[in-house]
Amino acid sequence: MTALDAPLLPLSTTTEEQARRAEVAVLPIGSFEQHGAFLPLATDTVVAVAITRAISDAYPVLHLPPITISCSHEHAAWAGTVSISATTLSAVVRDVADSLHRSGVGTLVLVNGHGGNYVLSNVVQEAGPAGRRMALFPSLEAWAKARSAAGIVTSADSDMHAGELETSLLLHAHPTLVGRGYATSDHLADDREHLLTLGMAAYTESGVVGRPSLASAEKGRDVLASLVASFGEMLSVLG
């Protein structure tokens, strides 16, 4: 199966998972929020699943189905955006971790595709003392390595939303989901000091903050390859 026709949901059977005997589960967490006029509302979920699928192709992990709605309150000004509270998201993740623990899977890695899911850092932070082993991926360092490896030109701060990175990932993994107009939709807004208070609409009319015109499928491919390597390094830390 190629990346182009890969489903968003994992399709393994219980027999296959019994044979795999995975000790690590990987949970993609996306969002359902605006991504300009040329990327779908489910972009962050598609990205998180693409990363998780690449990881599960390389390592013996349990690939879980995605959480598709998360904390997108800063995007509420645009039609179609749907959010849940940080309390609800953290409760769902903790419930998943508890269920996995009961079934014998001791480690849960959260593959986060949405920068606004700040609460996930706290969930992971609290997991260890509570007897649950968790990690959050990709780290800022892993993203930085991936950007460098792929030749992403725009800085992470400038390329915040629906920009060079996200558009490249979709051009590689699911090119049919990228609509027309991305090559003429660049918008930079580096001064976003009051983003959480005012929301994205205070800084962009289109919903884009970044330079999607620089995106390419090749960059998306190289980003994924770098993230897969970084995940291997993290596995060695998890033991």
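Residues numbered from 1 in each chain as written. Predicted model: local features only at pLDDT ≥ 70, side-chain atom pairs only at ≥ 80, totals over all residues. Heavy atoms only, no water.

Participant: If you had to explain the sheet that holds strand β3 (residues 107–112) to someone new, which residues and values would you point to?
Facilitator: Pairing within the open sheet is parallel, and its four strands lie in the order β2-β1-β3-β4. Edge positions in the sheet fall to β2 (62–63) and β4 (133–137), since each of these pairs with one other strand and no more. Pairing of β3 with β4, which is carried by five bridges, proceeds in the parallel orientation. Each residue of the ladder has a partner; that of Leu110, found in β4, is Leu136. Here helix α3 (residues 86–103) sits on the sheet in contact with β1 (24–29), β2, β3 and β4, set at roughly 145° to β3. Docked against the sheet, helix α4 (residues 119–127) engages β1, β3 and β4, running at close to 150° with respect to β4. (Pairing = 2+ DSSP bridges. Helix = DSSP H or I, 4+ residues; strand = E, 2+ residues; numbered from the N terminus. Contact = heavy atoms within 4.5 Å. Axes fitted to C-alpha atoms, helices over the stretch in contact; angles between N-to-C directions.)

Participant: Tell me about the environment of Ala150, and please be specific about residues and values.
Facilitator: Looking at the secondary structure, you find Ala150 in helix α5 (residues 140–150). For Ala150, a relative accessible area of 9% puts it in the buried group. Note: C-alpha distance between Ala150 and Arg221 (71 residues apart in sequence) is 7.9 Å. In this structure, Ala150 is in contact with Lys219, Asp222 and Val223, ignoring residues within four places of it in sequence. (Buried < 20%, exposed > 50% of the residue type's maximum accessible area, 1.4 Å probe, protein only.)

Participant: Any chance you could break down the nonpolar core for me, citing the residues and the numbers?
Facilitator: In terms of nonpolar packing, the biggest core is built from 33 residues, with Ile51, Ile55, Val109, Phe137, Val223, Leu227 and Phe231 touching the most fellow members. Here the element with the most residues in this core is helix α8 (residues 217–238); it accounts for seven residues. With residues near it in sequence (within four places) discarded, Ile55 still touches Val26, Val61, Val111, Phe137, Val228 and Phe231. Within the second largest apolar cluster, 21 residues are counted, among which are Ala25, Val119, Val124 and Met134. (Core = buried A, V, L, I, M, F, W, Y, C linked by side-chain atoms within 4.5 Å.)

Everything listed here is a matter of coordinates, which is why it stays silent on function.
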